[in-house]
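Observations on chain architecture
What follows is each chain in one-letter form.
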Amino acid sequence: MKKVFLILIVILPLFLSAQTAQIKIDIDRVIGAIDPKIYGVFMEPIHLNGARLGLPDSVEFNTLYGNLYDPSSPLADENGFRKDYIDAMKELRVTNMRWPGGNYLMAYNWEDGIGPKEKRPVRINMAWGGLDNNHVGTDEWMKLNKSMGTENIVCVNLGLGTIIDAARWVEYCNYKRGTYYSDLRAKNGHEEPYNVKIWDLGNEVDGMPWELGHKNVEDYIEVAREAAKAMKAVDNTIKLVASGSSWYSTDAWDDWNRKVLTGIGDKIDFISIHSYWENSPDYYSFMGASAITFEQRIKLTANEIEAVSAVKGFKNPIYISVDEWGAFGRNFLSVLPVAQSLNSFIRHADVVKMANFTAMTSLLSSDPKRGTYKSPLFYTFKLFSNNCLGNSVDTYVTCDTFNTGKNAGIPYLDVTTVYSKETNTVFINVVNRHNTKAISSTIVNTSARFTGKAEASVISSDDLKGAFTIEQQGQYMPENKEAKLDNSGLSFTFPPHSFTQIKVSVAGK
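To keep things clear, this report deals only with the structure shown in the data block.

About the cut-offs
Residues numbered from 1 in each chain as written. Predicted model: local features only at pLDDT ≥ 70, side-chain atom pairs only at ≥ 80, totals over all residues. Heavy atoms only, no water. Helix = DSSP H or I, 4+ residues; strand = E, 2+ residues; numbered from the N terminus. Phe/Tyr/Trp six-rings, centres within 6.5 Å; stacked < 30°, edge-to-face > 60°. Buried < 20%, exposed > 50% of the residue type's maximum accessible area, 1.4 Å probe, protein only. Lys NZ or Arg CZ within 6 Å of the ring centre and 35° of its normal. Salt bridge = Lys/Arg side-chain N within 4 Å of Asp/Glu carboxyl O.

The subject of this paragraph is unusual backbone geometry. In the segment running from W99 into P100, the intervening peptide bond is cis, with an omega of 0 degrees. Along the chain, P100 falls in the loop between β5 (96–99) and β6 (123–124). Along the chain, T358 connects to A359 via a cis peptide bond; the corresponding omega equals -15 degrees. By the secondary structure assignment, A359 is in the loop between β13 (352–358) and β14 (365–367). In this model, R93 sits at a positive phi of 55 degrees, which is unusual for a non-glycine residue.

Okay, structure coming up:
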(Lines give C-alpha, C1' and ligand atoms only; values in the text may rest on other atoms or scores of the structure.)
Protein backbone atom coordinates (compact mmCIF):
# COMPACT_ATOMS: atom_id res chain seq x y z
CA MET A 1 0.00 0.00 0.00
CA LYS A 2 2.84 2.37 0.79
CA LYS A 3 4.32 1.77 -2.69
CA VAL A 4 0.98 2.56 -4.38
CA PHE A 5 0.62 5.71 -2.28
CA LEU A 6 4.08 6.91 -3.36
CA ILE A 7 3.24 6.28 -7.03
CA LEU A 8 0.07 8.36 -6.66
CA ILE A 9 2.08 11.18 -5.11
CA VAL A 10 4.41 11.15 -8.11
CA ILE A 11 1.82 10.97 -10.90
CA LEU A 12 -0.98 13.08 -9.40
CA PRO A 13 0.73 16.44 -10.07
CA LEU A 14 1.12 15.42 -13.70
CA PHE A 15 -2.62 14.94 -14.07
CA LEU A 16 -3.33 18.17 -12.24
CA SER A 17 -0.97 20.13 -14.47
CA ALA A 18 -2.24 18.75 -17.75
CA GLN A 19 -5.25 20.41 -19.36
CA THR A 20 -7.30 18.57 -21.98
CA ALA A 21 -8.12 19.61 -25.53
CA GLN A 22 -9.52 18.26 -28.77
CA ILE A 23 -8.22 18.84 -32.30
CA LYS A 24 -10.44 18.02 -35.28
CA ILE A 25 -8.98 17.79 -38.77
CA ASP A 26 -10.82 17.55 -42.07
CA ILE A 27 -8.42 16.90 -44.96
CA ASP A 28 -11.27 17.26 -47.46
CA ARG A 29 -11.73 20.92 -46.52
CA VAL A 30 -8.74 22.55 -48.21
CA ILE A 31 -7.84 26.12 -47.24
CA GLY A 32 -5.28 26.45 -50.01
CA ALA A 33 -2.12 25.05 -51.54
CA ILE A 34 0.98 25.99 -49.57
CA ASP A 35 3.35 27.91 -51.80
CA PRO A 36 6.98 26.86 -51.13
CA LYS A 37 7.93 30.54 -51.47
CA ILE A 38 6.75 31.09 -47.87
CA TYR A 39 10.05 29.47 -46.87
CA GLY A 40 12.16 32.37 -48.10
CA VAL A 41 14.72 34.57 -46.39
CA PHE A 42 15.69 38.23 -46.44
CA MET A 43 19.22 39.64 -46.48
CA GLU A 44 20.44 43.19 -46.11
CA PRO A 45 23.86 44.67 -45.26
CA ILE A 46 22.80 46.01 -41.88
CA HIS A 47 25.68 47.75 -40.13
CA LEU A 48 25.55 47.90 -36.35
CA ASN A 49 27.96 49.64 -34.00
CA GLY A 50 28.41 49.12 -30.30
CA ALA A 51 25.86 51.75 -29.32
CA ARG A 52 23.12 50.01 -31.34
CA LEU A 53 24.07 46.64 -29.89
CA GLY A 54 24.35 47.85 -26.30
CA LEU A 55 28.09 47.15 -26.39
CA PRO A 56 31.22 49.35 -26.38
CA ASP A 57 31.36 51.79 -29.27
CA SER A 58 34.40 50.01 -30.67
CA VAL A 59 32.28 46.96 -31.55
CA GLU A 60 31.23 46.90 -35.19
CA PHE A 61 29.06 44.24 -36.82
CA ASN A 62 27.62 43.82 -40.30
CA THR A 63 25.07 41.16 -41.17
CA LEU A 64 26.71 40.69 -44.59
CA TYR A 65 30.35 41.78 -44.64
CA GLY A 66 32.66 39.78 -42.41
CA ASN A 67 29.79 37.45 -41.67
CA LEU A 68 28.01 35.84 -44.61
CA TYR A 69 30.52 37.36 -47.04
CA ASP A 70 34.07 36.88 -45.80
CA PRO A 71 36.62 35.95 -48.50
CA SER A 72 39.34 35.65 -45.84
CA SER A 73 37.50 32.90 -43.97
CA PRO A 74 38.66 29.28 -44.42
CA LEU A 75 34.95 28.50 -44.82
CA ALA A 76 34.54 30.83 -47.81
CA ASP A 77 33.65 29.43 -51.21
CA GLU A 78 35.15 30.66 -54.50
CA ASN A 79 32.75 33.64 -54.41
CA GLY A 80 33.66 34.71 -50.87
CA PHE A 81 30.48 33.44 -49.19
CA ARG A 82 30.71 31.16 -46.18
CA LYS A 83 29.81 27.57 -46.90
CA ASP A 84 28.42 26.94 -43.42
CA TYR A 85 25.59 29.39 -44.15
CA ILE A 86 25.12 28.05 -47.67
CA ASP A 87 24.92 24.46 -46.44
CA ALA A 88 22.49 25.46 -43.69
CA MET A 89 20.14 27.12 -46.20
CA LYS A 90 20.27 23.99 -48.36
CA GLU A 91 19.37 21.85 -45.35
CA LEU A 92 16.48 24.18 -44.58
CA ARG A 93 15.41 24.00 -48.24
CA VAL A 94 15.06 27.76 -48.38
CA THR A 95 13.29 28.63 -51.63
CA ASN A 96 14.12 32.29 -52.27
CA MET A 97 16.14 35.23 -51.00
CA ARG A 98 14.99 38.84 -51.05
CA TRP A 99 17.75 41.46 -51.36
CA PRO A 100 19.44 43.99 -51.06
CA GLY A 101 17.07 45.67 -48.57
CA GLY A 102 15.49 46.75 -46.39
CA ASN A 103 16.20 50.28 -45.29
CA TYR A 104 19.59 50.04 -47.00
CA LEU A 105 17.85 49.80 -50.37
CA MET A 106 16.32 53.27 -50.28
CA ALA A 107 19.69 54.99 -50.85
CA TYR A 108 21.27 52.19 -52.90
CA ASN A 109 22.50 52.66 -56.46
CA TRP A 110 22.75 49.21 -58.02
CA GLU A 111 25.34 50.41 -60.55
CA ASP A 112 27.78 50.93 -57.65
CA GLY A 113 27.84 47.15 -57.20
CA ILE A 114 28.87 45.89 -60.65
CA GLY A 115 32.17 45.59 -62.48
CA PRO A 116 35.67 45.01 -61.04
CA LYS A 117 35.53 45.16 -57.25
CA GLU A 118 38.62 47.31 -56.97
CA LYS A 119 36.89 49.98 -59.04
CA ARG A 120 33.59 50.00 -57.15
CA PRO A 121 32.94 53.17 -55.14
CA VAL A 122 32.93 53.14 -51.36
CA ARG A 123 29.69 54.71 -50.12
CA ILE A 124 28.27 55.69 -46.77
CA ASN A 125 25.63 53.22 -45.63
CA MET A 126 23.06 55.98 -45.23
CA ALA A 127 20.49 53.75 -43.56
CA TRP A 128 22.66 52.03 -40.96
CA GLY A 129 25.92 53.97 -40.78
CA GLY A 130 29.42 52.80 -41.56
CA LEU A 131 30.95 52.40 -45.01
CA ASP A 132 29.95 50.07 -47.82
CA ASN A 133 32.59 48.98 -50.34
CA ASN A 134 29.93 47.48 -52.64
CA HIS A 135 31.88 44.24 -53.04
CA VAL A 136 28.59 42.36 -52.88
CA GLY A 137 26.47 43.63 -55.75
CA THR A 138 24.08 42.19 -58.30
CA ASP A 139 26.39 39.54 -59.74
CA GLU A 140 27.52 38.38 -56.30
CA TRP A 141 23.96 38.13 -54.97
CA MET A 142 23.09 36.04 -58.03
CA LYS A 143 26.02 33.71 -57.36
CA LEU A 144 24.94 33.31 -53.74
CA ASN A 145 21.41 32.40 -54.78
CA LYS A 146 22.74 29.90 -57.31
CA SER A 147 24.97 28.25 -54.71
CA MET A 148 22.00 27.90 -52.33
CA GLY A 149 19.57 26.82 -55.07
CA THR A 150 17.22 29.70 -54.26
CA GLU A 151 15.23 32.14 -56.34
CA ASN A 152 16.14 35.84 -56.48
CA ILE A 153 13.67 38.43 -55.22
CA VAL A 154 15.12 41.84 -56.10
CA CYS A 155 13.97 45.14 -54.57
CA VAL A 156 14.29 48.31 -56.61
CA ASN A 157 14.99 51.68 -55.03
CA LEU A 158 11.87 53.84 -55.14
CA GLY A 159 13.12 56.01 -52.29
CA LEU A 160 16.04 58.16 -53.43
CA GLY A 161 16.31 56.18 -56.68
CA THR A 162 14.56 56.81 -59.98
CA ILE A 163 12.26 54.93 -62.31
CA ILE A 164 14.90 54.71 -65.02
CA ASP A 165 17.33 53.16 -62.50
CA ALA A 166 14.78 50.43 -61.84
CA ALA A 167 14.16 49.74 -65.53
CA ARG A 168 17.87 49.58 -66.27
CA TRP A 169 18.38 47.10 -63.44
CA VAL A 170 15.80 44.80 -65.06
CA GLU A 171 17.66 45.24 -68.35
CA TYR A 172 20.98 44.30 -66.74
CA CYS A 173 19.47 41.19 -65.15
CA ASN A 174 16.99 39.94 -67.73
CA TYR A 175 17.61 41.24 -71.24
CA LYS A 176 19.43 38.80 -73.52
CA ARG A 177 22.00 40.86 -75.47
CA GLY A 178 22.40 43.84 -77.73
CA THR A 179 21.64 46.71 -75.34
CA TYR A 180 23.96 48.77 -73.18
CA TYR A 181 23.16 47.11 -69.85
CA SER A 182 22.75 43.56 -71.15
CA ASP A 183 26.10 43.86 -72.92
CA LEU A 184 27.59 45.31 -69.74
CA ARG A 185 26.42 42.20 -67.87
CA ALA A 186 28.13 40.06 -70.51
CA LYS A 187 31.28 42.16 -70.22
CA ASN A 188 31.21 41.54 -66.46
CA GLY A 189 31.35 37.82 -67.15
CA HIS A 190 27.68 36.83 -67.26
CA GLU A 191 26.68 36.10 -70.84
CA GLU A 192 23.26 34.63 -70.08
CA PRO A 193 20.50 36.69 -68.45
CA TYR A 194 19.61 35.99 -64.84
CA ASN A 195 15.85 35.98 -65.55
CA VAL A 196 14.80 37.39 -62.20
CA LYS A 197 11.03 36.93 -62.09
CA ILE A 198 9.94 38.74 -58.91
CA TRP A 199 10.72 42.41 -58.23
CA ASP A 200 9.72 44.56 -55.24
CA LEU A 201 8.58 48.12 -55.97
CA GLY A 202 10.43 49.71 -53.07
CA ASN A 203 10.68 48.90 -49.40
CA GLU A 204 8.56 50.29 -46.54
CA VAL A 205 7.97 53.45 -48.56
CA ASP A 206 5.43 54.74 -46.02
CA GLY A 207 8.05 54.69 -43.23
CA MET A 208 8.44 58.42 -42.75
CA PRO A 209 10.43 58.33 -39.48
CA TRP A 210 13.11 55.93 -40.75
CA GLU A 211 13.09 55.59 -44.54
CA LEU A 212 15.16 57.72 -46.89
CA GLY A 213 12.94 59.05 -49.65
CA HIS A 214 9.68 57.99 -48.03
CA LYS A 215 6.51 59.03 -49.85
CA ASN A 216 2.89 59.68 -49.07
CA VAL A 217 0.53 57.15 -50.58
CA GLU A 218 -0.50 59.28 -53.56
CA ASP A 219 3.11 59.92 -54.57
CA TYR A 220 4.01 56.25 -54.09
CA ILE A 221 1.14 55.13 -56.29
CA GLU A 222 2.30 57.41 -59.11
CA VAL A 223 5.95 56.40 -58.97
CA ALA A 224 5.15 52.69 -58.53
CA ARG A 225 2.71 52.70 -61.45
CA GLU A 226 5.25 54.34 -63.76
CA ALA A 227 8.03 52.07 -62.52
CA ALA A 228 5.86 49.04 -63.22
CA LYS A 229 5.23 50.27 -66.76
CA ALA A 230 8.92 50.94 -67.39
CA MET A 231 10.14 47.68 -65.89
CA LYS A 232 7.61 45.62 -67.84
CA ALA A 233 8.58 47.48 -71.01
CA VAL A 234 11.94 45.76 -70.57
CA ASP A 235 10.55 42.36 -69.52
CA ASN A 236 6.80 41.85 -69.49
CA THR A 237 7.09 38.43 -67.82
CA ILE A 238 8.19 39.75 -64.43
CA LYS A 239 5.96 39.74 -61.35
CA LEU A 240 5.75 42.80 -59.12
CA VAL A 241 5.34 43.29 -55.38
CA ALA A 242 3.80 46.56 -54.15
CA SER A 243 5.13 48.10 -50.96
CA GLY A 244 2.40 47.68 -48.38
CA SER A 245 2.37 49.59 -45.14
CA SER A 246 4.89 48.86 -42.40
CA TRP A 247 4.22 51.89 -40.20
CA TYR A 248 1.84 50.25 -37.75
CA SER A 249 2.21 52.94 -35.11
CA THR A 250 -0.23 55.05 -37.12
CA ASP A 251 -3.93 54.23 -37.31
CA ALA A 252 -3.92 54.57 -41.10
CA TRP A 253 -1.71 51.65 -42.14
CA ASP A 254 -4.65 49.72 -43.58
CA ASP A 255 -5.75 52.82 -45.49
CA TRP A 256 -2.32 52.87 -47.21
CA ASN A 257 -2.82 49.27 -48.35
CA ARG A 258 -6.34 49.93 -49.60
CA LYS A 259 -5.24 52.97 -51.60
CA VAL A 260 -2.21 51.17 -53.05
CA LEU A 261 -4.42 48.26 -54.10
CA THR A 262 -6.91 50.66 -55.66
CA GLY A 263 -4.20 52.65 -57.43
CA ILE A 264 -1.92 49.95 -58.82
CA GLY A 265 -3.73 46.67 -58.18
CA ASP A 266 -3.94 46.01 -61.90
CA LYS A 267 -0.13 46.16 -62.16
CA ILE A 268 0.93 43.92 -59.28
CA ASP A 269 0.95 40.28 -58.28
CA PHE A 270 1.65 40.74 -54.55
CA ILE A 271 1.32 43.36 -51.86
CA SER A 272 3.90 43.14 -49.10
CA ILE A 273 3.39 43.44 -45.38
CA HIS A 274 6.15 43.40 -42.79
CA SER A 275 5.41 42.08 -39.35
CA TYR A 276 7.92 41.58 -36.56
CA TRP A 277 6.89 39.97 -33.30
CA GLU A 278 6.27 42.69 -30.76
CA ASN A 279 8.22 42.49 -27.51
CA SER A 280 6.49 42.50 -24.15
CA PRO A 281 7.82 41.81 -20.65
CA ASP A 282 4.69 39.80 -19.91
CA TYR A 283 4.88 36.23 -21.22
CA TYR A 284 1.22 35.91 -22.25
CA SER A 285 1.11 39.30 -23.92
CA PHE A 286 4.22 38.32 -25.84
CA MET A 287 2.74 34.99 -26.91
CA GLY A 288 -0.91 35.89 -27.30
CA ALA A 289 -1.38 39.56 -28.10
CA SER A 290 1.42 39.48 -30.66
CA ALA A 291 -0.12 36.42 -32.30
CA ILE A 292 -3.47 38.20 -32.62
CA THR A 293 -1.74 41.24 -34.12
CA PHE A 294 0.13 39.08 -36.62
CA GLU A 295 -3.11 37.37 -37.67
CA GLN A 296 -5.01 40.64 -37.94
CA ARG A 297 -2.47 42.18 -40.28
CA ILE A 298 -2.81 39.24 -42.64
CA LYS A 299 -6.61 39.06 -42.42
CA LEU A 300 -7.19 42.78 -42.86
CA THR A 301 -4.91 42.90 -45.90
CA ALA A 302 -6.56 39.80 -47.37
CA ASN A 303 -9.99 41.39 -46.92
CA GLU A 304 -8.80 44.58 -48.63
CA ILE A 305 -7.46 42.57 -51.57
CA GLU A 306 -10.83 40.86 -51.93
CA ALA A 307 -12.84 44.06 -51.58
CA VAL A 308 -10.75 46.22 -53.92
CA SER A 309 -10.44 43.46 -56.51
CA ALA A 310 -14.21 43.04 -56.56
CA VAL A 311 -14.91 46.76 -56.84
CA LYS A 312 -12.23 47.41 -59.46
CA GLY A 313 -12.86 44.22 -61.38
CA PHE A 314 -9.21 43.12 -61.40
CA LYS A 315 -8.64 40.01 -63.50
CA ASN A 316 -5.20 39.35 -62.00
CA PRO A 317 -5.03 37.58 -58.63
CA ILE A 318 -3.17 39.50 -55.90
CA TYR A 319 -1.49 37.69 -53.03
CA ILE A 320 0.27 38.70 -49.81
CA SER A 321 4.03 38.61 -49.49
CA VAL A 322 5.17 38.83 -45.86
CA ASP A 323 8.63 39.67 -47.09
CA GLU A 324 10.04 40.72 -43.73
CA TRP A 325 9.12 38.91 -40.55
CA GLY A 326 10.72 37.44 -37.47
CA ALA A 327 11.18 37.53 -33.73
CA PHE A 328 14.37 38.91 -32.27
CA GLY A 329 16.29 37.16 -29.54
CA ARG A 330 18.84 34.45 -29.00
CA ASN A 331 16.88 32.29 -26.60
CA PHE A 332 13.94 29.91 -26.62
CA LEU A 333 11.46 32.73 -26.01
CA SER A 334 12.01 33.82 -29.63
CA VAL A 335 11.40 30.35 -31.08
CA LEU A 336 7.70 29.91 -30.37
CA PRO A 337 6.78 33.17 -32.18
CA VAL A 338 8.55 31.82 -35.28
CA ALA A 339 6.46 28.63 -35.12
CA GLN A 340 3.30 30.70 -34.66
CA SER A 341 4.21 32.95 -37.60
CA LEU A 342 4.71 29.94 -39.86
CA ASN A 343 1.40 28.58 -38.60
CA SER A 344 -0.20 31.87 -39.67
CA PHE A 345 1.19 31.53 -43.19
CA ILE A 346 -0.16 27.98 -43.42
CA ARG A 347 -3.51 29.00 -41.92
CA HIS A 348 -3.81 31.63 -44.66
CA ALA A 349 -2.30 29.56 -47.46
CA ASP A 350 -5.01 30.76 -49.83
CA VAL A 351 -3.61 34.31 -49.78
CA VAL A 352 -0.08 34.26 -48.26
CA LYS A 353 2.07 33.01 -51.12
CA MET A 354 5.50 34.36 -50.21
CA ALA A 355 7.42 35.19 -47.03
CA ASN A 356 10.98 36.11 -46.14
CA PHE A 357 12.51 35.56 -42.70
CA THR A 358 14.76 38.34 -41.36
CA ALA A 359 17.63 37.76 -41.56
CA MET A 360 18.96 34.70 -43.31
CA THR A 361 22.06 34.57 -41.12
CA SER A 362 19.89 34.58 -37.96
CA LEU A 363 18.64 31.08 -38.73
CA LEU A 364 22.10 29.77 -37.87
CA SER A 365 23.42 30.73 -34.44
CA SER A 366 27.01 31.83 -34.06
CA ASP A 367 29.69 31.81 -31.39
CA PRO A 368 32.28 34.58 -31.97
CA LYS A 369 35.20 32.26 -31.26
CA ARG A 370 33.97 28.79 -32.22
CA GLY A 371 31.75 29.32 -35.25
CA THR A 372 28.17 28.59 -36.20
CA TYR A 373 25.77 25.99 -34.81
CA LYS A 374 22.13 24.93 -35.10
CA SER A 375 19.75 26.17 -32.43
CA PRO A 376 16.08 25.36 -31.72
CA LEU A 377 15.23 28.19 -34.13
CA PHE A 378 16.98 26.34 -36.96
CA TYR A 379 15.20 23.06 -36.20
CA THR A 380 11.80 24.73 -35.86
CA PHE A 381 12.13 26.36 -39.28
CA LYS A 382 13.38 23.07 -40.74
CA LEU A 383 10.38 21.08 -39.52
CA PHE A 384 8.13 23.47 -41.41
CA SER A 385 10.21 24.02 -44.55
CA ASN A 386 11.09 20.36 -45.04
CA ASN A 387 7.71 18.86 -44.20
CA CYS A 388 4.88 21.36 -44.58
CA LEU A 389 4.29 21.23 -48.33
CA GLY A 390 0.94 20.32 -49.84
CA ASN A 391 -2.46 21.62 -48.78
CA SER A 392 -3.38 23.55 -45.69
CA VAL A 393 -6.55 21.89 -44.38
CA ASP A 394 -9.29 22.83 -41.97
CA THR A 395 -8.39 22.42 -38.30
CA TYR A 396 -10.70 23.03 -35.35
CA VAL A 397 -9.37 23.29 -31.80
CA THR A 398 -11.24 23.10 -28.50
CA CYS A 399 -9.06 24.02 -25.53
CA ASP A 400 -8.76 26.40 -22.61
CA THR A 401 -8.06 30.05 -23.37
CA PHE A 402 -6.37 33.08 -21.83
CA ASN A 403 -6.81 36.84 -21.96
CA THR A 404 -4.31 39.64 -22.54
CA GLY A 405 -5.39 43.26 -22.22
CA LYS A 406 -7.64 43.97 -25.22
CA ASN A 407 -7.69 40.35 -26.39
CA ALA A 408 -9.87 37.68 -24.82
CA GLY A 409 -10.35 34.00 -25.50
CA ILE A 410 -6.94 33.23 -27.01
CA PRO A 411 -6.53 29.43 -27.30
CA TYR A 412 -3.55 27.96 -25.53
CA LEU A 413 -3.01 25.68 -28.51
CA ASP A 414 -2.13 27.18 -31.89
CA VAL A 415 -2.61 24.43 -34.49
CA THR A 416 -2.35 23.99 -38.25
CA THR A 417 -2.49 20.89 -40.42
CA VAL A 418 -0.83 20.11 -43.73
CA TYR A 419 -1.90 17.22 -45.94
CA SER A 420 0.19 15.80 -48.77
CA LYS A 421 -2.02 13.86 -51.16
CA GLU A 422 1.03 12.43 -52.94
CA THR A 423 2.28 10.67 -49.80
CA ASN A 424 -1.03 10.42 -47.88
CA THR A 425 0.74 12.08 -44.97
CA VAL A 426 -0.53 14.62 -42.47
CA PHE A 427 1.68 17.00 -40.51
CA ILE A 428 0.06 18.57 -37.45
CA ASN A 429 1.85 21.64 -36.06
CA VAL A 430 1.05 22.51 -32.45
CA VAL A 431 2.34 25.35 -30.31
CA ASN A 432 1.39 25.05 -26.64
CA ARG A 433 1.42 28.64 -25.45
CA HIS A 434 0.76 27.76 -21.83
CA ASN A 435 3.78 28.78 -19.81
CA THR A 436 3.55 26.17 -17.06
CA LYS A 437 1.07 23.42 -17.96
CA ALA A 438 1.14 20.50 -20.34
CA ILE A 439 -1.99 20.05 -22.45
CA SER A 440 -3.27 16.59 -23.31
CA SER A 441 -5.24 16.38 -26.54
CA THR A 442 -7.14 13.93 -28.68
CA ILE A 443 -6.73 14.43 -32.42
CA VAL A 444 -9.31 13.09 -34.85
CA ASN A 445 -9.56 13.16 -38.62
CA THR A 446 -13.21 13.57 -39.57
CA SER A 447 -12.76 12.56 -43.22
CA ALA A 448 -10.30 9.67 -43.04
CA ARG A 449 -8.64 7.31 -40.60
CA PHE A 450 -5.12 7.74 -39.29
CA THR A 451 -2.96 4.70 -39.84
CA GLY A 452 0.50 3.35 -39.16
CA LYS A 453 2.86 4.97 -36.69
CA ALA A 454 2.41 8.55 -35.44
CA GLU A 455 5.76 10.26 -34.91
CA ALA A 456 6.13 13.46 -32.91
CA SER A 457 9.05 15.89 -33.02
CA VAL A 458 9.08 18.08 -29.91
CA ILE A 459 11.07 21.27 -29.43
CA SER A 460 10.97 22.63 -25.88
CA SER A 461 13.16 24.01 -23.15
CA ASP A 462 13.00 24.44 -19.40
CA ASP A 463 14.82 27.76 -19.73
CA LEU A 464 12.97 30.31 -21.86
CA LYS A 465 15.39 33.20 -21.42
CA GLY A 466 18.76 31.50 -21.30
CA ALA A 467 20.94 32.38 -24.28
CA PHE A 468 21.69 29.66 -26.83
CA THR A 469 25.26 28.41 -26.57
CA ILE A 470 27.46 26.29 -28.80
CA GLU A 471 28.22 24.04 -25.80
CA GLN A 472 24.57 23.01 -25.63
CA GLN A 473 24.03 22.47 -29.35
CA GLY A 474 23.69 18.71 -28.87
CA GLN A 475 20.57 19.33 -26.76
CA TYR A 476 18.79 21.46 -29.35
CA MET A 477 17.66 18.78 -31.80
CA PRO A 478 13.94 17.87 -31.68
CA GLU A 479 13.03 15.11 -29.27
CA ASN A 480 11.39 12.21 -31.09
CA LYS A 481 8.37 10.66 -29.44
CA GLU A 482 5.54 8.38 -30.49
CA ALA A 483 1.97 9.64 -30.32
CA LYS A 484 -0.61 7.12 -29.19
CA LEU A 485 -2.78 5.93 -32.09
CA ASP A 486 -5.91 3.79 -31.86
CA ASN A 487 -9.27 3.46 -33.60
CA SER A 488 -10.56 6.68 -32.04
CA GLY A 489 -7.62 8.77 -33.28
CA LEU A 490 -4.44 10.20 -31.85
CA SER A 491 -3.63 11.32 -28.35
CA PHE A 492 -0.63 13.31 -27.22
CA THR A 493 0.41 15.55 -24.35
CA PHE A 494 2.07 18.78 -25.43
CA PRO A 495 4.67 20.10 -22.97
CA PRO A 496 4.33 23.69 -21.72
CA HIS A 497 5.78 26.42 -23.96
CA SER A 498 6.66 23.98 -26.73
CA PHE A 499 6.37 23.33 -30.45
CA THR A 500 5.41 19.85 -31.63
CA GLN A 501 5.01 18.47 -35.13
CA ILE A 502 3.19 15.14 -35.51
CA LYS A 503 3.57 13.09 -38.69
CA VAL A 504 0.99 10.42 -39.44
CA SER A 505 -0.34 8.60 -42.49
CA VAL A 506 -3.94 8.59 -43.68
CA ALA A 507 -5.74 5.46 -44.87
CA GLY A 508 -8.17 5.11 -47.71
CA LYS A 509 -7.52 8.40 -49.53
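Further notes follow.
Moving on: the packing of aromatic side chains. Within this structure, the stated rule accounts for 30 aromatic pairs. Their ring planes at 25 degrees and their centres at 5.2 Å tell us that Y276 and F328 sit as a pair that is stacked. Of this pair, Y276 sits in strand β11 (residues 270–276) while F328 sits in the loop between β12 (319–326) and α10 (335–347); the two residues are 52 residues apart in sequence, bridging distant segments of the chain. Here F468 and Y476 contribute two aromatic rings whose centre-to-centre distance is 5.4 Å and whose plane-to-plane angle is 65 degrees, an arrangement assigned as edge-to-face. Comparing F468 with Y476, the two get one shared label, buried. An aromatic cluster is built from W99, Y104, Y108, W110, W141, W169, Y172, Y180, Y181 and W199, whose rings are joined through pairwise contacts. Seen from the ring of Y248, R297 lies directly overhead, with NZ or CZ sitting 3.5 Å from the centre.

Under the definition given, this model contains 21 salt bridges. The closest approach of N and O atoms between D323 and R98, which form a salt bridge, is 3.6 Å. Separated by 225 residues along the polypeptide, D323 in strand β12 and R98 in strand β5 bring together distant segments of the chain. For the pair formed by D323 and R98, the shared burial category is buried. With a shortest N-O distance of 3.2 Å, E324 and R98 are connected by a salt bridge. Here R98 lies in strand β5 and E324 lies in strand β12, a separation of 226 residues in the sequence. Across the pair, exposure class does not vary: E324 and R98 are buried alike. What you see here is one network of salt bridges that share partners, running through R98, D200, D323 and E324.

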